[in-house]
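Descriptive structure summary
So the chains spell out like this:
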Amino acid sequence: MEKFYLTTPIYYVNAQPHIGHVYTTVAADVLARWHKFLGKEVFFLTGTDEHGSKIAAAAAEANLHPKDLADSMVLRYQKLWKLLKIKFDRFIRTTEPEHEEVVRTVFSKLYRQGDIYQGTYTGFYCFFCEYYLAPGDGTICPDCGRTAKKLSEKTYFFRLSRYQERLIDFFARHPDFIQPDQVKEEVNNLLSSSLPDLSLTRRCDWGISLPEEISEEGITIYVWFDALLNYLSGVGYQRDDNTFQRFWPPDVQLIGKDIIRFHHIIWPAILMALQLPLPKRVFAHGWWLTGGEKMSKSKGNVIEPFTFCEKYGADALRYFLLAEVPFGLDGDFTETAFQKRYNSDLANDLGNLIHRFSNLIRNQFGGKVPEPGDGGILAKKVSSLLPKLEEKMDRIDFFGYLESLREVITAANRYLDEEAPWRKGENSAQVLYNLVEVSRILSLYLEPFLPHAAVEIQKRLGLTELPSGKEALKWGLTKPGSQVTEGPPLFPRIK
Ligand code: MSP
C-alpha cells in the first residue's frame, strides 16, 4: 500500500488557537482524507510548540508555570480539532520526554560530527520571533518589524553556511520541493547572499537542556531547532523504527508563508546534516487578513474559530477557507464574504439540489429511488472528473478542485430545471435517478471538505453497502428502491 506522510507546523501555546492555525490544519485534514480515499496509508502529524521565551513570558503574565499554560492550551487545540473533525494520526507536544530526547541526541550527533560548534553571538535578537538578526537587518526584526534587543553571549552555532551550495543544488534538481511557484523567488533571494551560521542555544530556562556532554546552566536549545525536529520525533525517529522507515520522508509539509526561511532553508539543511532524505514538498500557503489588515487583538479584528463553528457549523468554516481563495495566496476573511459564499455555494446550490429532488422522489415515487435509464449529460460530466480532480489535489489546488465540483453542482441544478421532472414526463424516473446518482458521487468528492454534510447526504439517499475508495465513484451503483429520506436543510440559508 502506498504511504502518505503529511505535517502541519506545530502551534505555539502562548495564545488561543486562531483562524491561521485552523487554515493549515483544515488543509492538511482535507489532504489526509483525500489520500486515504485513494487507498493510501496516511500518517497525519500535528501538535504544539511549547518551549521558548515567548511561552515563558505568556505564562509569567498569567501567573502560571509554562507547562500548565501549555496543558490548558493543548486542551483548547484538541477541542477545536474535534469540533472541526480533524482526524490527525498523532498529536505531538514538544514537552514530551521522548521528543526532548530526540532533540538532545540530534544536537549531540551534529556536535560530534562538527556541524555544531561553540562561538559567541553578538548582535540583535528579536524575542518575539525568537530570531537573531543578520548584520544587514539593523535593529528592526525583518519578520515582525519590532525593535530587537542587543545581546552578546556564548552560544552553539549550526554550520548552516556549509549547506548553502548543497541547498542550491538540491532545489535545482527537485523543482517540486518548494511550493507554490511564487515562493521559489523568495527562497532564491534568501540564498543569493551567504547564509550565516545559526545560533542554536538561548539563555532561557524554559527549553530543552543541552546534551550532557556539553550541558551548561541556564542555556537551552533554540526553540526552532527543537520545534523542527518534531517532524522526525513525531513519526518515530530513533524510537519506533518500523513507523519511521514506513513513512519517512514527508510527502507534503504545509506551512504558512511567514515561516519559509525555517522550512525551506534551515530544515532541509538539518536533514542534510543528518543524512536523511528530504521531504518531497513543502508548501507555503498565504495569509488571512480581515478587511485588508493583519488580525490582531488590539485592532479587535480577530476571527475566532470557536464562534464560527458554533454559529455556522464546522463544514461551512472548512469549506469557506479553502473555496474562497486559491491556496498560496492571501485572503480577506470577513463575515460578509463568509455568508455570501455559504449562501451561494452551500445553501443555494448544493443544499437546494438535494432538497429539490428528494422532495420530488417522495411525491412521485413514495420516497424510493426510481429505475435508472440513460445517465445522459450528468453521467458524462462525472466520468471525466476523477483525473481532473486528482491533478488538482496533486498540486494542492483546493480552490480549483472545488471549482470543478461547483460546475457539476450547477450542471445538476440546470438539468433539474430543464428536464422538469415535476411535469411527470416519461423520463422523470430516469432524471431523478440521475440526480440521486450525481449527488451520491458528489458527496464522495466533497467528503474531505464537508465531512459532516457528505455523510448526511449519503444517509438521506439511503446508501448502504457501497464499495470503498475509487470503486464507489462508478456511475450506477445506487440501487433503485433505496429509501430517500428528507430532513432539515443541510445548510440553512443565512438571512
Ligand atoms: N511554532 C511555530 C511553527 C513551528 S513548526 C516546526 C509557529 N507557530 S504559530 O502558532 O505562530 O503559527 C503556526 C502557523 O499558523 C504558521 O504556519 C502561520 O503561517 C499560520 N498562521 C498564523 N496566522 C495566520 C494567518 N492570519 N493566516 C494564515 N495563516 C497564519 O510559527
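Fair warning: this is a prediction, and the values are worked out from it, not measured in the lab. (Residues numbered from 1 in each chain as written. Predicted model: local features only at pLDDT ≥ 70, side-chain atom pairs only at ≥ 80, totals over all residues. Heavy atoms only, no water.)

Let us now look at the site of the ligand. Taken together, the neighbourhood of the ligand is formed by 22 residues, with I10, D49, G256, D258 and W288 sitting nearest. In the model, an oxygen atom of the ligand is placed 2.9 Å from a nitrogen or oxygen of the G256 main chain. Starting from 670 Å² of accessible surface for the ligand in isolation, the protein chains cover 94%. The set of elements that each furnish at least two residues to the shell around the ligand consists of β2 (11-12), α1 (19-37), α7 (223-228), α8 (230-233) and β12 (252-256). For the shell around the ligand, the element with the most residues is α7, which contributes three residues. (Near = heavy atom within 4 Å. Polar contact = N/O pair within 3.5 Å; in protein donor to acceptor, adjacent residues only side chain to side chain. Areas by Shrake-Rupley, 256 points an atom, 1.4 Å probe, with all protein chains shown as cover. Helix = DSSP H or I, 4+ residues; strand = E, 2+ residues; numbered from the N terminus.)

As a further point, take the nonpolar core. Core analysis: the biggest nonpolar cluster contains 95 residues, and L317, L322, F333, F398, L435 and Y445 have the highest contact counts within it. Counting contributing residues per domain, this core is built from domain 1 (1-95 + 286-333) and domain 2 (335-473), each supplying no fewer than three. With residues near it in sequence (within four places) discarded, L435 still touches L353, F357, L378, A412, Y415 and L416. The next biggest cluster of nonpolar side chains, apart from the first, holds 77 residues, and it includes F43, L210, A227 and V282. (Core = buried A, V, L, I, M, F, W, Y, C linked by side-chain atoms within 4.5 Å. Buried < 20%, exposed > 50% of the residue type's maximum accessible area, 1.4 Å probe, protein only. Domains from an automatic or database assignment. Contact = heavy atoms within 4.5 Å.)

Moving on: the pairing of strand β1 (residues 3-7). Extensive coverage of β1 is indicated by the burial of five of its five residues. Where burial is concerned, the two faces of β1 agree: the one with K3, Y5 and T7 and the one with F4 and L6 are both buried. Where β1 and strand β3 (residues 41-49) come together, five bridges link them in parallel fashion. Bridge pairing in β3 places K3 opposite E41. With two bridges joining them, β1 and β12 adopt parallel strand pairing. Paired with L6 across the bridge in β12 is V252. (Pairing = 2+ DSSP bridges.)

The next point concerns the environment of W475. Along the chain, W475 turns up in the segment after α18 (451-460). When the C-alpha atoms of W475 and I441 are compared, they prove to be 8.0 Å apart, with 34 residues separating the residues in sequence. Once residues within four sequence positions are removed from consideration, W475 is found in contact with G375, L378, A379, V382, N434, E437, V438 and I441.

Okay, the packing of helix α11 (residues 305-312) against helix α12 (residues 314-323) next. In contact at an axis separation of 6 Å, α11 and α12 are set at 120° when each is read in the N-to-C sense. From α11, P305, F308, C309 and Y312 reach across to α12, where they touch A314, A316 and L317. A breakdown of the residues in the contact of α11 with α12 according to their chemical character gives seven nonpolar, no polar and no charged. (Axes fitted to C-alpha atoms, helices over the stretch in contact; angles between N-to-C directions. Nonpolar A, V, L, I, M, F, W, Y, C, P; charged D, E, K, R; others polar.)

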